[in-house]
Structure formats: C-alpha cells, structure tokens
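Reading the structure
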Amino acid sequence: MNSVLPLILAMLAVTDAAVQVQVNPGALQIGNSRNLNIRCSHVRDKVPTISRLSYLLISFASDAEKPVFRYLASVSSVDGLDYDTTAAVAGNITRGGESWLSLTWSYPLFSRVGLYKCEASGINLSGAARTVSHIVEVGGVRHLDASLFDVIQNQSRDFEQLKTDEERLTASYLSLKSRFDRAKEAHFSISAAHNGRRYYLSSISNVLVANEVDAICALYGGYLAEVDDDAEFEFIKSFLTPYTQYTGVLCSGTDEALENNWIHANSKTMVKYIKWSPSDSRGGRSENCLFFWRPHGWFMVDWVCQQGYANYAVGYLCEIPE
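Residues numbered from 1 in each chain as written. Predicted model: local features only at pLDDT ≥ 70, side-chain atom pairs only at ≥ 80, totals over all residues. Heavy atoms only, no water.

What follows concerns the sheet that holds strand S3 (residues 35-43). Pairing in this open sheet of four strands is antiparallel, and the strands run S1-S3-S8-S7 from one edge to the other. Edge positions in the sheet fall to strand S1 (19-24) and strand S7 (88-92), since each of these pairs with one other strand and no more. Across the sheet, the mean angle separating the axes of adjacent strands is 10 degrees when strand polarity is ignored. Relative to S3, S1 runs antiparallel, the two sharing six bridges. (Pairing = 2+ DSSP bridges. Helix = DSSP H or I, 4+ residues; strand = E, 2+ residues; numbered from the N terminus. Axes fitted to C-alpha atoms, helices over the stretch in contact; angles between N-to-C directions.)

With respect to the helices, strands and loops of the structure, Asn206 is situated in the loop between strand S13 (197-202) and strand S14 (207-209). Since its relative accessible area comes to 42%, Asn206 is described here as partly exposed. C-alpha of Asn206 to C-alpha of Val314: the two residues are 108 residues apart in sequence and 6.5 Å apart in space. (Buried < 20%, exposed > 50% of the residue type's maximum accessible area, 1.4 Å probe, protein only.)

Moving on, we come to the pattern of salt bridges. What the rule picks out here adds up to nine salt bridges. Here Arg168 ties to Asp165 by a salt bridge, and the two come within 3.7 Å at their closest N and O atoms. Here the residue Arg168 and the residue Asp165 both occupy positions in helix H1 (residues 146-187), the gap between them amounting to three residues, near one helical turn. Linking Asp181 and Lys184 is a salt bridge whose minimum nitrogen-to-oxygen distance equals 3.9 Å. In this pair, Asp181 and Lys184 are both assigned in helix H1, three residues apart and thus about one turn of the helix distant. (Salt bridge = Lys/Arg side-chain N within 4 Å of Asp/Glu carboxyl O.)

Take Lys184: its relative accessible area is 15%, and that puts it in the buried class. Setting aside anything within four residues of it in sequence, one finds Lys184 in contact with Tyr200 and Tyr220. (Contact = heavy atoms within 4.5 Å.)

For the structure shown, the criterion picks out 18 aromatic pairs. Judged by centre distance (6.0 Å) and plane angle (85 degrees), the rings of Phe188 and Tyr316 are edge-to-face. Taken together, the positions of Phe188 in strand S12 (residues 188-190) and Tyr316 in strand S20 (residues 314-321) put the pair 128 residues apart, joining distant regions of the chain. Note on accessibility: Phe188 and Tyr316 belong to one class, buried. A centroid spacing of 6.2 Å and a plane angle of 85 degrees characterise the contact between Tyr243 and Tyr246, whose relative ring orientation is edge-to-face. Each member of the pair, Tyr243 as well as Tyr246, carries the same accessibility label: buried. Put simply, the rings of Phe180, Phe188, Tyr200, Tyr220 and Tyr316 pair up and form one aromatic cluster. (Phe/Tyr/Trp six-rings, centres within 6.5 Å; stacked < 30°, edge-to-face > 60°.)

Grouped together as the largest cluster of nonpolar side chains are 28 residues, with contacts concentrated most on Ile38, Leu56, Ile58, Leu103, Trp105 and Tyr116. Take this core: its biggest share by element is four residues, from strand S4 (residues 52-61). For Leu103, the residues in contact, after removing those within four places along its chain, are Leu36, Asn37, Ile38, Ile58, Leu72, Ala73, Ala87, Ala88 and Val89. (Core = buried A, V, L, I, M, F, W, Y, C linked by side-chain atoms within 4.5 Å.)

Next up on the list: the state of the cysteines. Throughout the structure, instances matching the rule amount to three disulfides. Here Cys40 engages in a disulfide with Cys118; their sulfurs sit 1.6 Å apart. Highlighted residues: Cys40 in strand S3 and Cys118 in strand S9 (residues 114-123), separated in sequence by 78 residues. The exposure classification of Cys40 matches that of Cys118, with both residues buried. The disulfide that involves Cys217 links it to Cys318, with 1.9 Å between the sulfurs. Between Cys217 and Cys318, the disulfide has an S-S torsion of -80 degrees and is therefore left-handed. With a gap of 101 residues between them, Cys217 in helix H2 (residues 210-219) and Cys318 in strand S20 connect regions that are remote in the sequence. Like Cys217, the residue Cys318 is buried in the burial classification. Counting its disulfide-bonded cysteines in sequence order, the protein shows a connectivity of 1-2, 3-6, 4-5. The thiol of Cys251 is not disulfide-bonded; the next cysteine sulfur, from Cys289, is found 9.0 Å away. (Disulfide = S-S within 2.5 Å.)

Have a look at this one:
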C-alpha cells in the first residue's frame, strides 16, 4: 500500500453484501484530521447468508501486502462490547434491523493507516455456522513533519481536556448554585425587585448576632439591608407588613463605635437615612443596632445587636442585587 495516497475505500473481500465497512472522513490527512471512524454494519437480507447474527468484529493489519490482522473490538448478542484499543467503542446487535460496531480515534496517528476487516458471524437458515467479512484499506497523507505534528496534537488534546474540565466545572457550579437557590428559598421570604435589588427576610430566630447574619447575607451575594431614602423605606415597610409573626427585623446600621454615629457595616459608610419610631427611647450604649419594629408600625428602633431573644420573634433582612 502506498502510504501517501488519500484515504481509499477499496473492497478487497466480500462474501455478503449485507456486511459493510464505512470510514470517515473521506481522506485521512495526518495532522489535519481530528477523528477517524471505522463503522462495521450488518443488515439481514431477504435471503440471508446469516439469519441469526452472533457478533461483529473489527480487526486491523498495518501491512497490506502481508496482512496479519490484530483484534481491535467486537460486539456480541451475549456479552455486549469487548475491545483492545484506545478508540472510543460503541455498537449493538439487533434481531431485525441493523447491527453495528463503531471505532473512533481522536487525532489519528499514521499508525492508523492500514487494512480494517469487519467480520460478521452467526448461523444461516439451516442452522449452520457462517462467517462473512468485508475489508477496506485506509491510506493517509502526512501534512506536517512528525515533531510539529506531535506538538499540535498535544495542544489539541490539551484543549479538549480543558474543554472537558470547563464542562465539569460548569456542571459543578450549576449544581452548587441550585443548592444555594434551594437554601435561599427555604430560609428566606423574598421580595419583589426594587431598583435592581431584592430583600430577603430570614426565618424567625430567638438568637441573633449582627456580625454573623451580615456574613450570611454576604454568603448569598448581598449584605444587611441599607435603607437610603423614603422610597426604599416604604418599599421595605410594605414588604414586611404581612409578616405579623415578627417582633423586629434587623437591618444595616450600628453606632456601637460611637453613640449616634451610625455606620453601615458592609460599606463602612455613614447611614444617611433612618426613619425613627416616634416611640423609640434610643437605648444608649446598650442598644446599638437598627431594627424595623412591628409594634411601632415597622418604623426603626435602636436595639441590642446580639443576645437571646426569648420573648421576641426576630429576623434579619438581606439586600441582594439582581
């Protein structure tokens, strides 16, 4: 066989037209071809040589003049697939339709040039054993010197591996995001959107620590709600109004460092808006956090930042950008 010829599909031995071998691509160009696929198939004829197929087998010989065929793969009606090759292998034996066996190599080397034999084995209508075969010859052309081809092939394989890794990481990310979303829905009541943000009201707790809940908000991509103006306050108040089971809801703002000097813990900026409850006594040094307070019509009060709230039903409010 002349190894510089294009791919040739030459039928060298045929004993049953129902046995076919297909090769793709139509011309194997070493250095350019991304894949080589060998597909062996058998379809039962009206007057079949084989009426009941037992297996299909593909073997390979590198020397076309003195071929010695080496087993590559098979598919049987009993044992399924078996193979001794680096190719991706697939196949199936059917009773009435087409049975097939396929081998696919990625970035095939020059060693893939040679003869491929497809064998079909089974019994005829008389119950006698029959084996038929079909052989094709695969030629190839080198477009690159060996060293350059190896470099390109390795880079291509690296790219395919990166693509596989990216798909795996994307799947992991989507799975993690799905779990986070389910956790949010289980732990929070979520508002409609307001200026590109939503407000997440936590479930009721009898223990609340301001620094810890701020970290929980950050885990979900947000922060304790920072109220900036009347419109935002009225939106949040309207959102909280149906939740009559709450006594108070913690939002952003603390004057723990300096009395009456209110700071947002997340942005470290001055709190520029507080809608105080007319009934709030401003608790002095012992009360240093801002709460929406239901008994005061959801206006804001100055209350303790952390403790057990045995006699109160409290939660916290996260602000999370869309």
